[in-house]
Amino acid sequence: MNNELIKKIALPFLVFLFILQVWAGISTVVEDFPTPSDTYVAAFGGINVDGDEIEGVLADPFYINNQDDKGIFWQIMESLKRVFAGFVLAILVGVPLGLLIGMSKSAQYAFDPFIQILKPVSPLAWLPLLLFIFQDINMTAISTIFITSIWPIIINTTLGVKSVSEDYMNVAKVLRFSPMDKIVQIILPVSVPYIFTGMRLSLGIAWLVIVAAEMLTGGIGIGFWIWDEYNNLNYHNIIIGIMVVGLIGYLLDLIMGRIADYFDYTKKGRA
Amino acid sequence: MNDKFLSLENIEKRFPIPGKDDYVAVTDVNLEIKKNEIISIIGHSGCGKSTLLNMISGLDAQTEGNILLQNKEVKGPGPDRAVVFQNHSLLPWLSVYENIEMAVKKVMPELDSSELRARVDKYISMVNLDHAKDKLPDEISGGMKQRVGIARALSITPKVLLMDEPFGALDSLTRANLQEHLMRIQQKVQNTVIIITHDIDEAVLLSDRVIMMTNGPHATIGEILEVNLERPRDRVSLQSDPEYIRCREAILSFLYEKFAKDDE
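Residues numbered from 1 in each chain as written. Chains lettered and ligands numbered in written order. Predicted model: local features only at pLDDT ≥ 70, side-chain atom pairs only at ≥ 80, totals over all residues. Heavy atoms only, no water.

Caption draft 1: Inspection of the overall build of chain A at higher detail. Within chain A, the secondary structure is distributed over 10 helices and four strands. Put simply, chain A runs from its N terminus to its C terminus through helices and strands in the order α-α-β-β-β-β-α-α-α-α-α-α-α-α. The C-alpha radius of gyration computed for chain A amounts to 23 Å, which surpasses the reference 18 Å derived for 271 residues by more than 25%, pointing to a less compact arrangement than a globule. Projected onto its principal axes, the C-alpha coordinates of chain A cover approximately 80 × 60 × 30 Å. Of the contacts made within chain A by residues no fewer than 6 positions apart, 62% connect residues no fewer than 24 positions apart. (Helix = DSSP H or I, 4+ residues; strand = E, 2+ residues; numbered from the N terminus. Rg over C-alpha atoms; globule rule 2.2 N^0.38 Å. Contact = heavy atoms within 4.5 Å.)

Spelled out as structure tokens, the structure:
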């Protein structure tokens, strides 16, 4: 094993030990704050502080007791479904709109002010309005994610179109490309890496927002679950929830990055 | 054969400057180019030589005057006037083969797949790039990229081949190598070629006539030099050829005595 690899494993481990120390310190100061070992038991099962044998949130993630009491796996699946539904809708609307704005000065003039004003609004500000419109938790969450995701996708798609070099367009002109040819053969290949950067940003923010959105909408989902555990005084489960959300967010970003690289012509042929 | 293959009549190009008089880049350009003639346009930077080429290619419109190709007015860009760009302009996500295929497919949609393949392969062979046909542009050298650019331009059998400082970005050895390629190909396919250059040796070596441009603004044709050298031309033996030396001196004197430019 080389030196670099040892560092890569040992250093995070040291930081982990440090975090555990700080955490244990906090739990001695704050009353009822779960200790690292309480949390471990709550996650993977064992004998808890009260001397009871428990199953553990992560040890039995698939249980379904009733409509309102499901394992953490189902909570996460529900959140992921909403994120993907909103995300896909945002791609379907955002990419064509971004292409249009990138290619047409008029479209840019028409849409840009609204994008600039709406982009900085927290998607959660929309949530009450969406709840009022749809009167449905699922639709509200999905449409909130849609609004969250669409701005980076539009903006990055536009950026991609703008980055098409004049030289490539000259080639297209000499060959008398139709507008459709231009989009398919030149604009899209150049823009795809930008579009995927936008999608990656969007997905990251969507995953941030879904937790907060579900806390507000209630029902089911990892955000609701975390809030529910707060109400049940199960503070250790909040910590577990944070870790699970973090891990899944990291995986989503990793997968999205892989997909982005696959479609990025600048990364082809030199793996 | 009609001598009037490509003609430029009273060409002027002005660029509007807000609040001021227009900037007259090129004015009063009259030129007749014969079929299968190789013309170089040489001049200091800013003399409007690229502007002139862009007007012939149709990528830029002239403000005044007419450009006629086989007695037909040239309007907008088209595949009958293929351009080899200085920076090659290959699409970086397509392989060498696909870059040429894309052009042929677009210009000759009537070809079936085997004809298409044969045609693309023929032009790849012409520039000796058979071994690199599946490579991406970023994986080959600058000289090879430019050869692909030439193959792509020739593959659509243009009436005129326009080259905008085609070898300007290359080192001198690569440049010489590409000039040889171009001369060899030209012997084979016989095309009408217009080359923009700022290299005197390149102009003399490649051309039948060298068009010398005066400095801008109001740039126009200063002198036209006939290069009476037999083809195929050999760059080494030309160095002592009296005609070659005469042509070189004529251009040198034009560029550095009559129309010297201080700021370069």
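So much for the structure itself; the text now carries on.
Caption draft 2: Representation of the domain arrangement of chain A. Residue and element names in this part refer to chain A. Here chain A is described as being made up of domain 1 (3–54) and domain 2 (64–267). In this structure, domain 1 and domain 2 have C-alpha centres spaced 33 Å apart. With seven residues of domain 1 at the contact, the number on the domain 2 side is six residues. Together domain 1 and domain 2 conceal approximately 500 Å² of surface at their shared face, both sides included; 91% is due to carbon and sulfur atoms. (Domains from an automatic or database assignment. Buried area = accessible area lost by both parts, 1.4 Å probe.)

Caption draft 3: Spatial organisation of unusual backbone geometry. All names here are of chain B. Backbone torsion omega between Arg 231 and Pro 232 reads -5 degrees, so that peptide bond is classified as cis. The phi dihedral of Asn 71 is positive, around 65 degrees, even though this residue is not glycine. The phi angle at His 218 is positive, at roughly 60 degrees, despite the residue not being glycine. Among the structural elements, His 218 can be located in the loop between strand S9 (209–213) and strand S10 (221–226). For His 218, a relative accessible area of 49% corresponds to the partly exposed category. (Buried < 20%, exposed > 50% of the residue type's maximum accessible area, 1.4 Å probe, protein only.)

Caption draft 4: How the structure looks around the packing of helix H2 (residues 96–107) of chain B against helix H4 (residues 142–155) of chain B. Residue and element names in this part refer to chain B. Orientation of H2 relative to H4, taken along the N-to-C sense of each, is 25 degrees, at an axis distance of 9 Å. Classified by the interaxial angle, the pair formed by H2 and H4 is roughly parallel. Regarding H2 and H4, the two cross each other, and that crossing is right-handed. Between H2 and H4, the residues in contact are Val 96, Asn 99, Ile 100, Met 102, Ala 103 and Val 104 and Val 148, Ala 151, Arg 152 and Ser 155, respectively. In terms of residue class, the contact of H2 with H4 is made up of seven nonpolar, two polar and one charged. (Axes fitted to C-alpha atoms, helices over the stretch in contact; angles between N-to-C directions. Parallel < 35°, antiparallel > 145°, perpendicular 65-115°, else oblique. Left-handed = near helix turned anticlockwise from the far one by under 90°. Nonpolar A, V, L, I, M, F, W, Y, C, P; charged D, E, K, R; others polar.)

Caption draft 5: Structural context of the interface of chain A and chain B. In this complex, chain A contributes 19 residues to the contact, which on the side of chain B involves 24 residues. Buried area between chain A and chain B, summed over both chains or domains, comes out near 1,800 Å², and the portion from carbon and sulfur atoms is 67%. The largest share of the area that chain A buries against chain B comes from Val174(A), Leu175(A) and Arg176(A), three residues that together contribute 32% of it. Applying the counting criterion to the chain A and chain B interface returns one salt bridge. Where Lys106(B) meets Asp181(A), a salt bridge forms, and the shortest distance between an N and an O atom there is 2.6 Å. Put simply, chain A and chain B have four residue pairs in polar contact (both at pLDDT 80 or more) between them. Elements represented by at least two residues in the side of chain A that touches chain B include exactly helix H7 (166–174) and helix H8 (179–217) of chain A. If one sorts the elements of the side of chain A that touches chain B by residue count, H7(A) sits on top with six residues. Partitioning the side of chain A that touches chain B into residue classes produces nine nonpolar, four polar and six charged. (Salt bridge = Lys/Arg side-chain N within 4 Å of Asp/Glu carboxyl O. Polar contact = N/O pair within 3.5 Å; in protein donor to acceptor, adjacent residues only side chain to side chain.)

Caption draft 6: Representation of the pairing of strand S7 (residues 160–164) of chain B in the model. Residue and element names in this part refer to chain B. Burial of S7 is extensive: five of the five residues sit out of reach of the surface. In S7, alternate side chains face the same way, and those of Val 160, Leu 162 and Asp 164 on one face and Leu 161 and Met 163 on the other are all buried. One ladder, built from four bridges, connects strand S6 (residues 81–84) with S7; its direction is parallel. Along S7, the bridge assignment pairs Val 83 with Leu 162. Pairing analysis gives five bridges linking S7 to strand S8 (residues 192–197), with the strands arranged parallel. Considered in S8, the bridge of Met 163 is made with Ile 195. (Pairing = 2+ DSSP bridges.)

Caption draft 7: Region of the structure containing the pattern of salt bridges. Counted by the stated rule, this structure contains 21 salt bridges over all chains. With its nearest N and O atoms 3.6 Å apart, the salt bridge here joins Glu78(A) to Lys81(A). One end of the pair is Glu78(A) and the other is Lys81(A), both in helix H3 (residues 72–103) and three residues apart, which spans about a single turn. In this structure, the salt-bridge partner of Glu180(B) is Arg235(B), at a minimum N-O distance of 2.8 Å. Pair noted here: Glu180(B) is in helix H5 (residues 172–189) and Arg235(B) is in helix H7 (residues 235–238), with a separation of 55 residues, a long-range link. Judged by its relative accessible area of 32%, Glu180(B) is partly exposed. Classification of Arg235(B) by relative accessible area gives partly exposed; the value is 24%. One connected set of salt bridges, linked through shared partners, spans Glu12(B), Arg14(B), Asp22(B) and Glu64(B).

Caption draft 8: Main features of the side chain of Glu243(B). All names here are of chain B. Along the polypeptide, Glu 243 turns up in helix H8 (residues 242–258). Polar side-chain contacts of Glu 243 include one of 2.9 Å to the side chain of Arg 246. Setting aside its immediate chain neighbours within four residues, Glu 243 contacts Glu 226, Val 227, Asn 228 and Leu 229.

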